[in-house]
Amino acid sequence: MLEIEDPYQLLEWDCKRLFKTADKLSKKQHGKKITYIKNRNINFTNVCNLDCSFCAYSVEKPCDGYTNTHKQVLEKVEKAVKQGANEVCIQGGINPEIDYNWYIDLIKKIKQKHKIHIHAFSPQEIHYIAEKNQKNIKQTLQELKKTGLDSMPGTAAEILDDEIRKKICPNKINSQRWQEIITNAHKLNIPTTATMMYGHIETWKDRIKHIQKIKEIQQKHNGFTEFIPLPFIPGNNKLFNKTNQTPHKESYKVIAISRILLHNHIPNIQASWVKLGPKKAAKALNKGANDLGGTLMEENISSSTGKPIKTKMTAKQLQKTIQKTGHKPIERTTTYKTT
Ligand SMILES: C[S@@+](CC[C@H](N)C(=O)[O-])C[C@H]1O[C@@H](n2cnc3c(N)ncnc32)[C@H](O)[C@@H]1O
Ligand SMILES: Nc1c(NC[C@H](O)[C@H](O)[C@H](O)CO)[nH]c(=O)[nH]c1=O
Ligand SMILES: N[C@@H](Cc1ccc(O)cc1)C(=O)O
Ligand code: SF4
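Residues numbered from 1 in each chain as written. Chains lettered and ligands numbered in written order. Predicted model: local features only at pLDDT ≥ 70, side-chain atom pairs only at ≥ 80, totals over all residues. Heavy atoms only, no water.

Asker: Just checking my understanding: could you explain the nonpolar core for this structure?
Answerer: Generally speaking, nonpolar side chains in soluble globular proteins are found buried as a group. Ranked by size, the top nonpolar core spans 96 residues in total, and within it Ile 90, Ile 110, Phe 121, Ile 126 and Trp 178 carry the most contacts. Leave out the neighbours within four places in its chain, and Phe 121 touches Phe 44, Ile 90, Tyr 103, Ile 107, Ile 126, Ile 129, Leu 144, Leu 149, Met 152 and Pro 153. (Core = buried A, V, L, I, M, F, W, Y, C linked by side-chain atoms within 4.5 Å. Buried < 20%, exposed > 50% of the residue type's maximum accessible area, 1.4 Å probe, protein only. Contact = heavy atoms within 4.5 Å.)

Listed below in structure tokens is the structure:
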């Protein structure tokens, strides 16, 4: 397998070479198979007091926002199950009116009724839940796992560099804390995804450094199931209203470089159809990506920017999108089991 001695050297490669190399590596690992998952997003509250400058989704005052009741969340889970979903992806704002028991009871109630996989709570949310619980991360994760938490989204990673975090999300956990929470999860056999939100103030070097960090964390416990590069969507947010969205070609480069640097460590690189749009995401399937993500059924975070964002895809649409590129669609679970 290809080992790159100096990752920064990839920045000198032209697109053609990056895309060809990434595609070769991806095909060696996955052949023509491209995966997707039948899942549903549930964003249970948009009330959040962290005020990240890139976020269009959150509102500060509870009276300006919404918080779902457990009953409302359960209805969404029920609908998802009826439509054949095998995962619910649950994330929300950091709402000071929600306490530890709210999270625990929610998981308990979902599991009492359904066998569905619960993919929930970013490291930022876990940090908050642990604070409310007045226990450490390990104990809190153990309790969540015992209740029914199956895996976690690796969001809140943004760029794992504290200088950048101070500028774009000063109230978020720092990069060390993100790593600590993720590592604790992996030690307890709670798999997570890994993400990188790019296309704001970071440089190419910062992106490479971020990917290298993800690789180092993976070398410890092998707990990442997939890497999802997420281009920042501008609009309705504080700092970056004037910034243009990352050109697609640059996003393909991010995906190709991710494959080249991570192929020995994280076998799955996802092209997000939410962020790139289904057609553009499909084009990444021969540039290093081997997964197209989930049906989602609803999307609230990117669509809050006011940009025309697609918020759901049926399994059929995902299959067709994959087939059109000459690949073979395969349904997967959160942990990439295929039957
Ligand atoms: C909206 S938060 C929800 C979970 C939790 N509040 C947190 O921040 O971890 C999930 C992720 O969405 C992504 N996100 C938020 N706004 C975005 C935007 N405008 N464009 C792209 N990604 C965005 C960020 O990477 C963030 O970590
Ligand atoms: N939930 C969002 C995703 N999710 C990606 C997949 O659905 C993910 O692989 C799954 O949840 C884990 O198995 N991607 C986005 O761009 N936006 C979302 O809201
Ligand atoms: N679904 C992604 C997380 C995600 C959520 C919201 C986003 O806007 C982007 C990504 C995961 O499984 O980890
Ligand atoms: S990204 Fe998450 S933590 Fe930051 S403001 Fe938005 S919802 Fe809150």
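Asker: For this particular structure, what's the right way to read the site of ligand 4?
Answerer: Taken together, Cys 48, Leu 50, Asp 51, Cys 52, Phe 54, Cys 55, Ser 58, Gly 93 and Lys 172 are the residues near ligand 4. For the shell around ligand 4, the class distribution of residues is five nonpolar, two polar and two charged. (Near = heavy atom within 4 Å. Nonpolar A, V, L, I, M, F, W, Y, C, P; charged D, E, K, R; others polar.)

Asker: Just to check I follow, could you spell out the sheet that holds strand S4 (residues 117-120) for this structure?
Answerer: Note on sheets: strands pair through backbone hydrogen bonds, and any given pair is parallel or antiparallel. Overall, parallel pairing links the three strands, which are arranged S2-S3-S4 in an open sheet. Bordering the open sheet on either side are strand S2 (39-43) and S4, each of which pairs with just one other strand. Strand-to-strand twist in this sheet, taken as the mean axis angle between neighbours without regard to direction, amounts to 20°. As judged from the five bridges shared by S2 and strand S3 (residues 87-91), these two strands associate in the parallel manner. In the strand pairing of S3, Asn 43 is matched with Gln 91. Of the strands in this sheet, S2 and S3 touch helix H2 (residues 70-82), which is tilted by about 170° from S2. (Pairing = 2+ DSSP bridges. Helix = DSSP H or I, 4+ residues; strand = E, 2+ residues; numbered from the N terminus. Axes fitted to C-alpha atoms, helices over the stretch in contact; angles between N-to-C directions.)

Asker: Explain the packing of helix H1 (residues 15-30) against helix H9 (residues 248-262) to me, please; I cannot follow it from the model alone.
Answerer: The relative placement of two packed helices comes down to the angle between their axes together with the axis-to-axis distance. Where H1 meets H9, the axes come as close as 9 Å, and the angle between the chain directions of the two elements is 50°. Relative to H9, the element H1 is oriented oblique. Considering how the two elements wind past one another, H1 and H9 form a crossing that is left-handed. Between H1 and H9, the residues in contact are Cys 15, Leu 18, Phe 19, Thr 21, Ala 22, Leu 25, Ser 26, Gln 29 and His 30 and Lys 249, Tyr 252, Lys 253, Ala 256, Ile 257, Arg 259 and Ile 260, respectively. Considered class by class, the residues forming the contact of H1 with H9 number nine nonpolar, four polar and three charged. (Parallel < 35°, antiparallel > 145°, perpendicular 65-115°, else oblique. Left-handed = near helix turned anticlockwise from the far one by under 90°.)

Asker: Where do I start with helix H4 (residues 123-133) in this structure?
Answerer: Given 3.6 residues per turn, any residue in an α-helix points the same way as the ones three and four places further on. Of all eleven residues that make up H4, nine are buried, and the element is covered over most of its length. Turning to H4, its buried residues are Pro 123, Gln 124, Glu 125, Ile 126, His 127, Tyr 128, Ile 129, Ala 130 and Asn 133. For H4, the elements touching its buried residues are S3, helix H3 (100-113), helix H5 (137-147) and helix H7 (175-187). In the stretch just after H4, Gln 134 is the one whose phi turns positive, near 55°.

Asker: What is the right way to read the site of ligand 3 from this model?
Answerer: The full set of residues close to ligand 3 is Cys 89, Gln 91, His 119, Pro 153, Gly 154, Thr 155, Thr 193, Glu 226, Ile 228, Leu 230, Lys 275 and Ile 301. In this structure, an oxygen atom belonging to ligand 3 sits 2.7 Å away from a side-chain N or O atom of Lys 275. For ligand 3, whose unbound accessible area comes to 340 Å², protein coverage reaches 84%. The element that contributes the greatest number of residues to the shell around ligand 3 is strand S6 (residues 224-231), accounting for three residues. Taken together, the residues of the shell around ligand 3 sort by class into five nonpolar, five polar and two charged. (Polar contact = N/O pair within 3.5 Å; in protein donor to acceptor, adjacent residues only side chain to side chain. Areas by Shrake-Rupley, 256 points an atom, 1.4 Å probe, with all protein chains shown as cover.)

Asker: Honestly, the confidence of the model for the protein in this entry has me stumped. Any pointers?
Answerer: In low-pLDDT segments, the atomic positions of the prediction should not be examined closely. Confidence in the prediction of the protein, expressed as mean pLDDT, is 96, and 98% of residues score 70 or more. If you check the scores for this complex, the pTM reads 0.97 and the ipTM reads 0.95. (pLDDT = per-residue confidence, 0-100.)

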